[in-house]
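# Reading the structure
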Amino acid sequence: MQSNSKIQLPVVVHERDNSYIVECPFFEGCEVQAENFDEALENIRDVIKTCIRDGKNYRTKKFCTIKKCQFRTVKIDDVSHL
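Here goes a summary of the coordinates provided. This one's a predicted model, so the numbers in the text were calculated from it and none came from an experiment.

## Here's the deal with the environment of Arg-45
Assignment of secondary structure puts Arg-45 in helix H1 (residues 37-53). Classification of Arg-45 by relative accessible area gives partly exposed; the value is 23%. Apart from the residues within four sequence positions on either side, Arg-45 is in contact with Val-74, Lys-75 and Ile-76.

This is how it looks when you write it as structure tokens:
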């Protein structure tokens with residue numbers, strides 16, 4: 001039986017020009033843009049899953065202070081098969 005493993009990763013949310021940009025600082029180039037917040041979070045989950053599946057290495061990134069920036073986490077369900 002396959003286990004249902006989960007991870008939580010931080011994401012950075014930027015609100016710009018009536019859209020949302022969300023990035024996961026642990027993967028190079030892991031960034032999405034969407035017109036609404038929920039769509040942006042769903043899209044970043046998909047991109048993170050792709051990064052995990054493709055074997056992209058985690059990286060460390062220094063966080064900087066950005067105006068109108070929120071830090072959140074997203075839960076990625078069932079990464080065991082990626």
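## A short note on the environment of Asp-17
In this structure, Asp-17 sits in the loop between strand S1 (7-16) and strand S2 (19-23). Once the C-alpha coordinates of Asp-17 and Glu-35 are considered, the two residues, 18 residues apart in sequence, prove to be 9.4 Å apart.

## Some remarks on the packing of aromatic side chains
Evaluated as defined, the whole model comprises one aromatic pair. Ring centres of Tyr-20 and Phe-37 lie 5.6 Å apart, and the angle between their planes is 70 degrees; this geometry places the pair in the edge-to-face category. You can see Tyr-20 sitting in strand S2 and its partner Phe-37 sitting in helix H1, a full 17 residues away along the chain. The same class applies to Tyr-20 and to Phe-37, which are both buried.

## A look at the nonpolar core
The biggest cluster of nonpolar side chains holds 19 residues, and the ones touching the most others in it are Val-11, Val-22, Ile-44 and Ile-48. Counting residues per element, the ones that place at least two in this core are S1, S2, strand S3 (31-34), H1 and strand S4 (69-76). For this core, the element with the most residues is H1, which contributes six residues.

## Structural notes on the side chain of His-14
Residue placement: His-14 occurs in strand S1. Residue classification places His-14 among the buried residues on the basis of a relative accessible area of 5%. A polar contact of 3.3 Å, which involves the side chain of His-14, links it to the side chain of Glu-23.

Conventions and cut-offs
- Residues numbered from 1 in each chain as written.
- Predicted model: local features only at pLDDT ≥ 70, side-chain atom pairs only at ≥ 80, totals over all residues.
- Heavy atoms only, no water.
- Helix = DSSP H or I, 4+ residues; strand = E, 2+ residues; numbered from the N terminus.
- Buried < 20%, exposed > 50% of the residue type's maximum accessible area, 1.4 Å probe, protein only.
- Contact = heavy atoms within 4.5 Å.
- Phe/Tyr/Trp six-rings, centres within 6.5 Å; stacked < 30°, edge-to-face > 60°.
- Core = buried A, V, L, I, M, F, W, Y, C linked by side-chain atoms within 4.5 Å.
- Polar contact = N/O pair within 3.5 Å; in protein donor to acceptor, adjacent residues only side chain to side chain.

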